[in-house]
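Chain and residue survey
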Amino acid sequence: MSELVAEQFDDLEQQTEAGTLGMWTFLATEVLFFGGMICGYTVYRHLYFPAWHNASLIVDNFRFLGVSSGAWNTAVLLTSSLTVALGVRAVKLGQNRLLGRLLAATLILGIAFLLIKAAEYTHEYHEGVMPCYGVFHPDAEISANLHRAAIGSQISETKLLRQFQLFWVFYFFMTGVHAVHMLVGVGLFTFLLIETRRGRYTPQKHAPVEIMGLYWHFVDLVWIFLFPLLYLVR
Amino acid sequence: MASIPYIPEYGVRETYLNAKHSIASWLLTRDHKRIAVLYMISITLFFAVGGSAAVIMRLQLLTPHSTLVEAETYNKLFTLHGIVMVFFFLVPSIPTTLGNFLLPLMIGARDLAFPRLNLASWYLFIFGGSLTLTALILGGVDTGWTFYTPYSSTFSNTNVVVAICGIFIAGFSSIFTGLNFIVTVHKMRCPGMTWFRLPMFIWTIYATSIIFVLATPVLAITLTLVALERILGVGIFDPALGGDPILFQHLFWFYSHPAVYIMILPGMGVVSELVPAFSRKQLFGYSFVAMATLAIAILGFLVWAHHMFVAGISIYGGMVFSALSFLVAIPSGVKVFNWTATLYKGSISLETPMLYALGFIGLFTIGGLTGLFLATLGIDMHVHDTYFVIAHFHYIMVGGAVMAYMGGLHFWWPKITGKLYPEGWGRIAAVILFVGFNLTFFPQFILGYLGMPRRYYAYAPEFQVYNVMSTAGATILAVGYLLPMCYLIWSLFRGKDAGPNPFKAAGLEWQTTSPPPPHNFDKTPTAGEPYNYHEMDFSDV
Amino acid sequence: MPQTQHKIDGIPLYLLIYCLLMALLVSTVIAATFDMGRWNVVAALTIAVLKALLVILFFMHIRHSSRLTWIFAAAAFLWLGLLLGLTMTDYTSRTSPAPNSNAQISLTAAIR
């Protein structure tokens, strides 16, 4: 029992409540962390809408079976949230084997997300839209589109190109930071899976699963907003 | 009092200081009291570094065109001074030292909610601080602590990225500390300790923690964007590449304005403990002070663009932020009135901590009122980026926050170390500090009003007399800091042993030994009404 | 302190929420194919908010959590709103100087 409850706490209930509240507080900091980027996004979308609309169409254009990779990624993450929620339910009911399977499924889905993202990044690199100096060379088709857009919106072509590049900065940075958070999530859930195989989690000691589950759901939440903001600028 | 364990080989009772002696027992401690001491030593070192830069700057400014340092070096000096003093001294100071030490004691808990996270916070602080200090000293950074773009992101040739990395890491130290404090106050109060029985210091630490948690992440991401811009050559804030430099300022000040409330709220909390203790009287208007504390924390998030009135924001935006800035002054005023009302008809004694508290009330009021001048658009047009602003924030940061820290350090020194500091020297140092401070910074109000710009290594000859006054004051101020450094350390070896409650103050921390045992209380206490001075017996004082 | 963590939802409920989430995903993709002018972003964000609410309420169990947790979660989004909202008061109220005014002349000269 003494191993279950740390010495600064009076009982298991206090410990669990403190842990959960601590995770929610941490998630609040993460909302503001991503929020800084979202603020910058909001400002530039307001100022540079034509260029950003154009760029967003390009992002959305990378498709598997006619559906954009962004939509696939959203579906993958929503499914992983389901497996996490079912996993938390399983541990509270003492269903250890089911918990293991659900955690493994979550991991597979998380890795699938990262692989799709990697494919997107590679494709975008080849299109020449990665925004660092030396590498930013939009290919012929994109350049032609931009040229037409400049004429249509009556903005000088150099300016439009700069505004277009700025979209890509935000795209890579926002999805990149999100991907780092996904990696951390994959790491945490690998740990959870190993501990589950050792039978460490019981209905009494289920808090770590629930608390890390909150983190995973949060990363899913961020993506729920990133998808329309980056892929669906219309 | 409950029985205290006796360790035969030490011959004294077990306290958090003598429980274990190895270096590992300090560097791997989970005891919030030891972590507080680790922080205390760390921030004192940072203060010395930041203060040294100020000394050199004040020497440079003795004459209008001094050649003590070059212009480039001067830029690096004020950047170092700002970064070190803001991020590595003021922001952590009271929360990580007095806050860490006292929070569990004041609420009757055995430790914080997450002791290992607390230790991790200290390591993050040390690592981030060392990284930034290295960047600042080896080569330097010349952007100012505000890192305005596009200078910091494109044009500066100095160690901006490394400095930013250190600040980013230290930012997470703050975030985790704030998280720890919030969860502890919500979940670990002892029986009977309702919210409105908490010492006011806890209210302010709690409000500060809210700011830590909600503001610091925005700074983290903003500085990361600047670093990214430098490394990748992209244009988030660079107008030549389509970016908006004012966006940087919006994001930067969204953190940095609430940050100044991080720096002052704990100081207000300390004063709210000192004034009742040395007036032998209940804190007047407790619930108003508590609500004012929360109001400052929340309203403080709504005023950031008053740092940007002349930067190029719209005039309508300026009006909105100016009005909100007037609003945030009100709860601060409420607190000053309540402290004054606490003093009224109190049985006042002028021990060292009380001298610092009284100094705080006066100097914070001047600093705060001059803040209202700056919030007025018409005045700000003229005094923005002059010494008026510098005087304003030093009145609050030094006249306010640092004096509160000194007052709290003295008041709780017996509790932390078990030793009494020499009261005579304490009073002398407090007065020297007060005189030195005013001589240093009051002339700067005049300088700013007359038009002397800030961050300049030279100035027009007509400003010299005030600059000389300011430098002279700085010398006296330095003595005011060195004296406590000396006698406080002396007291560790030769000071008289303090009993559990040398000042006869109210509060659960005074119900345990000085220094406290590792687990704070032998028996979990039950809370009563706070500041119950009217119930205490002072007949033997 | 009342025990709020003991309610365990059934599998059918989780599957229902999941189906709703997928339906919302499909609708957001379809909505993007219509040109609704400034209403596109409103539609997209409304659907995103609905998805977020479903995840927060049901998957993250805020439904069963204490009032304190509600407040923490709400505060986070409120603060994000403050950051975005107050910043945009600047950007949406910026006006170009009137043509041929002194401000316009200095601005043009500065850009050249």
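Remember, predicted model here, so these are calculated numbers, not experimental data.

Looking at the overall build of chain B
When you go through chain B residue by residue, the secondary structure sums to 16 helices and two strands. Computed over the C-alpha atoms, the radius of gyration of chain B is 23 Å, within 12% of the 24 Å expected from 2.2 N^0.38 for a compact globule of 541 residues. Projected onto the principal axes, the alpha-carbon positions of chain B cover approximately 70 × 50 × 45 Å. Looking at the 541 residues of chain B, the share that counts as buried comes to 63%. Roughly 19,200 Å² of accessible area belongs to chain B as shown, and the carbon and sulfur atoms make up 69% of that amount. Across chain B, 26 positive and 23 negative side-chain charges occur, with their mean positions spaced 8 Å apart.

Section: the overall build of chain A
Secondary structure assignment for chain A yields seven helices and two strands. Reading chain A from its N terminus to its C terminus gives the helix and strand order α-α-β-β-α-α-α-α-α. Along the three orthogonal principal directions, the C-alpha set of chain A runs to about 70 × 35 × 30 Å. Counting every position in chain A, which comprises 234 residues, the buried fraction comes to 62%. Contacts spanning at least 24 positions in sequence make up 77% of the contacts within chain A whose residues lie at least 6 apart. Approximately 8,900 Å² of chain A is accessible, and the part contributed by carbon and sulfur atoms is 63%.

Regarding the packing of helix 12 (residues 352–375) of chain B against helix 15 (residues 423–450) of chain B
Residue and element names in this part refer to chain B. Helix 15 packs onto helix 12 with a crossing angle of 10° between their chain directions and a minimal axis gap of 9 Å. Judged by the angle between their axes, helix 12 and helix 15 are roughly parallel. For helix 12 against helix 15, the interelement crossing comes out left-handed. Contact with helix 12, carried on its side by Thr352, Leu355, Tyr356, Gly359, Leu363, Ile366 and Thr370, involves Glu423, Gly426, Arg427, Ala429, Ala430, Leu433, Phe434, Phe437, Asn438 and Phe445 of helix 15 and no other residues of that element.

A word on unusual backbone geometry
Note that the residue after threonine 149 of chain B, namely proline 150 of chain B, is joined by a cis bond; omega there is -5°. For proline 150 of chain B, the position within the fold is in the loop between helix 5 (115–137) and helix 6 (151–155). In the segment running from serine 514 of chain B into proline 515 of chain B, the intervening peptide bond is cis, with an omega of -10°. As for its placement among the helices and strands, proline 515 of chain B is situated in the segment after helix 16 (464–494). Although it is not a glycine, leucine 65 of chain A adopts a positive phi angle of roughly 55°.

A closer look at the interface of chain B and chain C
Taken together, the 23 residues of chain B in the interface contact 13 residues of chain C. Both sides together, the interface formed by chain B and chain C hides about 1,600 Å², and carbon and sulfur atoms give 74% of it. Here chain B is connected to chain C by one salt bridge. With a closest N to O distance of 3.7 Å, arginine 94 of chain C and aspartate 244 of chain B form a salt bridge. In this assembly, chain B and chain C are joined by five residue pairs in polar contact (both at pLDDT 80 or more). Those elements that provide at least two residues to the side of chain B that touches chain C are helix 7 (160–187), helix 8 (200–232), helix 9 (245–279) and helix 11 (315–343) of chain B. The residue makeup of the side of chain B that touches chain C, split by class, is 16 nonpolar, five polar and two charged.

Considerations on the packing of aromatic side chains
The geometry of an aromatic ring pair is captured by the separation of the ring centres together with the interplanar angle, meaning the angle of the planes. Enumeration over the complete set of coordinates arrives at 69 aromatic pairs over all chains. We note arginine 34 of chain B situated over the ring of tryptophan 26 of chain B; from NZ or CZ to the ring centre the distance is 4.2 Å.

Side note on a nonpolar patch on the surface
Residues and elements named next belong to chain B. On the surface, a cluster of nonpolar side chains totalling about 450 Å² of accessible area is made up of Val55, Ile56, Leu59, Leu62, Leu68 and Val468. Among the elements that line the nonpolar patch, the one with the most residues is helix 2 (residues 32–60), at three residues. As for its position among the elements, leucine 62 is in the loop between helix 2 and helix 3 (71–90).

A word on helix 14 (residues 387–417) of chain B
All names here are of chain B. Where helix 14 bends most, the angle comes to about 45°, and this point is phenylalanine 411, followed within four residues by the proline proline 414. In terms of residue burial, helix 14 counts as a mostly covered element, since 30 of its 31 residues are buried. Two residues or fewer past helix 14, glycine 418 is found with a positive phi of approximately 80°.

Things to note about the side chain of glutamine 163 of chain A
Here glutamine 163 of chain A shows up in helix 6 (residues 157–197). With residues up to four places along the chain from it excluded, the contact list for glutamine 163 of chain A reads Tyr48, Ala51, Trp52 and Ile155 of chain A.

Considering the interface of chain C and chain A
Contact with chain C, which involves 46 residues of that partner, is made by 44 residues of chain A. Both faces considered, chain C and chain A share a buried interface measuring about 4,000 Å² in area, 80% of it formed by carbon and sulfur atoms. Run the count over chain C and chain A and you get zero salt bridges. Scanning the region where chain C abuts chain A turns up five residue pairs in polar contact (both at pLDDT 80 or more). Elements supplying a minimum of two residues to the side of chain C that touches chain A: helix 1 (11–32), helix 2 (39–59) and helix 3 (67–92) of chain C. Looking at the side of chain C that touches chain A residue by residue, the class counts come to 34 nonpolar, 10 polar and two charged.

Focus: the nonpolar core
Note on soluble globular proteins: their nonpolar side chains tend to be buried together. In terms of nonpolar packing, the biggest core is built from 306 residues, with Phe164 and Trp168 of chain A touching the most fellow members. Per element, the largest residue contribution to this core is 22 residues, and it comes from helix 8 of chain B. Once residues within four sequence positions are removed from consideration, phenylalanine 164 of chain A is found in contact with Ala51, Asn54, Ala55, Ile58, Val129, Phe136, Pro138, Ile142 and Leu146 of chain A.

Some points on the pattern of salt bridges
According to the stated counting rule, one finds 15 salt bridges over all chains in the structure shown. As a salt-bridge pair, glutamate 17 of chain A and lysine 187 of chain B come within 3.0 Å of each other at their nearest N and O atoms. Residue glutamate 17 of chain A is located in helix 1 (residues 12–47), and its partner lysine 187 of chain B is located in helix 7; the two belong to separate chains. Across the pair, exposure class does not vary: glutamate 17 of chain A and lysine 187 of chain B are buried alike. Salt-bridge contacts for aspartate 90 of chain C lead to arginine 94 of chain C; the nearest nitrogen and oxygen are separated by 3.0 Å. The network of salt bridges with shared partners includes Asp60, Arg63 and Arg234 of chain A.

Examining the side chain of aspartate 60 of chain A
Position of aspartate 60 of chain A among the secondary structure elements: in helix 2 (residues 49–60). Beyond its immediate sequence surroundings of up to four residues, aspartate 60 of chain A is in contact with Ser68, Tyr231, Leu232 and Arg234 of chain A.

Some thoughts on the confidence of the model for chain B
All names here are of chain B. When pLDDT is averaged along chain B, the result is 94; 97% of the residues meet or exceed 70. The secondary-structure element of chain B with the lowest mean pLDDT is strand 1 (residues 6–7), recorded at 50, while helix 15 shows the highest, at 98. The low-confidence segment residues 1–5, where pLDDT is below 50, has 12 contacts with residues more than four positions distant or belonging to other chains. Model confidence for the complex: the whole-complex pTM is 0.94, and ipTM, which rates the interface, is 0.93.

Quick word on the environment of glycine 185 of chain A
Residue and element names in this part refer to chain A. For glycine 185, the location among the structural elements is in helix 6. A C-alpha to C-alpha distance of 9.9 Å links glycine 185 and histidine 217, two positions 32 residues apart in sequence. For glycine 185, the residues in contact, after removing those within four places along its chain, are Tyr215 and Trp216.

Some details on helix 7 (residues 207–231) of chain A
The end-to-end C-alpha distance of helix 7 of chain A is 36 Å, a good match for the 36 Å that 25 residues give at a rise of 1.5 Å each. For helix 7 of chain A, the tally of buried residues reaches 23 of 25 residues, placing the bulk of the element in the interior.

Some details on the packing of helix 5 of chain B against helix 7 of chain B
When two helices pack together, their arrangement is given by the angle between their axes and by how far apart the axes lie. All names here are of chain B. Contact geometry of helix 5 with helix 7 gives a least axis separation of 7 Å together with a crossing angle of 160°. Judged on the interaxial angle alone, helix 7 and helix 5 are roughly antiparallel. Here the hand of the crossing between helix 5 and helix 7 comes out left-handed. Along the lines of polarity and charge, the residues of the contact of helix 5 with helix 7 split into 15 nonpolar, eight polar and no charged.

Cut-off values and rules
- Residue positions are given per chain, counting from 1 as you read along its sequence in written order.
- Just so you know, chain letters begin at A and ligand numbers begin at 1, following the order they were written in.
- Where local features are concerned, this predicted model is filtered to residues with pLDDT of at least 70; where side-chain atom pairs are given and counted, the filter is 80 or more; whole-chain, interface and lining totals use all residues.
- Based on all heavy atoms of the structure, the side-chain values leave hydrogens and waters out of the count.
- Counting from the N terminus, the helices are DSSP H or I runs at least four residues long and the strands are E runs at least two residues long.
- In this treatment the radius of gyration is a C-alpha quantity, and the globule benchmark scales as 2.2 Å times the residue count to the 0.38 power.
- Using a 1.4 Å probe on the protein chains alone, a residue whose accessible area is under 20% of its type maximum counts as buried, one over 50% counts as exposed, and one in between counts as partly exposed.
- To be clear on the numbers: accessible area is Shrake-Rupley with a 1.4 Å probe, and residue cover counts the displayed protein chains and nothing else.
- Charge assignment in this entry is limited to Lys and Arg as positive and Asp and Glu as negative, and neither His nor the chain termini are counted.
- The atom standing in for a charge is NZ when the residue is Lys, CZ when it is Arg, CG when it is Asp and CD when it is Glu.
- We call two residues in contact whenever any of their non-hydrogen atoms come within 4.5 Å of each other.
- Simply put, an axis is a line fit to the C-alpha atoms, just over the touching stretch for a helix, and the angle between two N-to-C directions goes from 0 to 180 degrees.
- Note on angle classes: values under 35 degrees are labelled roughly parallel, values over 145 roughly antiparallel, values of 65 to 115 roughly perpendicular, and the remainder oblique.
- Note: crossing handedness is left-handed where the near helix turns anticlockwise from the far helix by less than a right angle, and right-handed where it turns clockwise.
- As a working definition, buried area equals the accessible area (1.4 Å probe) given up by two parts on being put together, with both sides summed.
- Here, a salt bridge means any side-chain nitrogen of Lys or Arg that lies within 4 Å of a carboxyl oxygen of Asp or Glu.
- We define a polar contact as two N or O atoms separated by no more than 3.5 Å, with the added condition that, inside protein, one atom must be a possible hydrogen donor and the other a possible acceptor, whereas residues neighbouring each other in sequence contribute only through side-chain atom pairs.
- As a working rule, the residues Ala, Val, Leu, Ile, Met, Phe, Trp, Tyr, Cys and Pro are called nonpolar, Asp, Glu, Lys and Arg charged, and the rest polar, with Gly in that last group.
- Pairing of aromatic side chains requires ring centres within 6.5 Å, counting the rings of Phe and Tyr and the six-membered ring of Trp. Pairs whose planes differ by under 30 degrees are stacked, by over 60 edge-to-face, and all others tilted.
- Comment: the charge-over-ring label is applied if NZ (Lys) or CZ (Arg) is within 6 Å of the ring centre and within 35 degrees of the ring normal.
- Patch membership is restricted to residues that have no salt bridge and whose relative accessible area is over 30%. Joining uses 9 Å for like charges and 5 Å for the nonpolar side chains Val, Leu, Ile, Met, Phe, Trp and Tyr.
- Think of it this way: the bend at a residue is just the angle between two axes, each fitted to seven residues, one set ending at that residue and the other starting at it.
- In this text, buried Ala, Val, Leu, Ile, Met, Phe, Trp, Tyr and Cys residues form a nonpolar core when linked through side-chain atoms within 4.5 Å.
- The pLDDT score gives, residue by residue, the confidence of the prediction method on a 0 to 100 scale.
- The length a helix should cover is 1.5 Å for every residue beyond the first.

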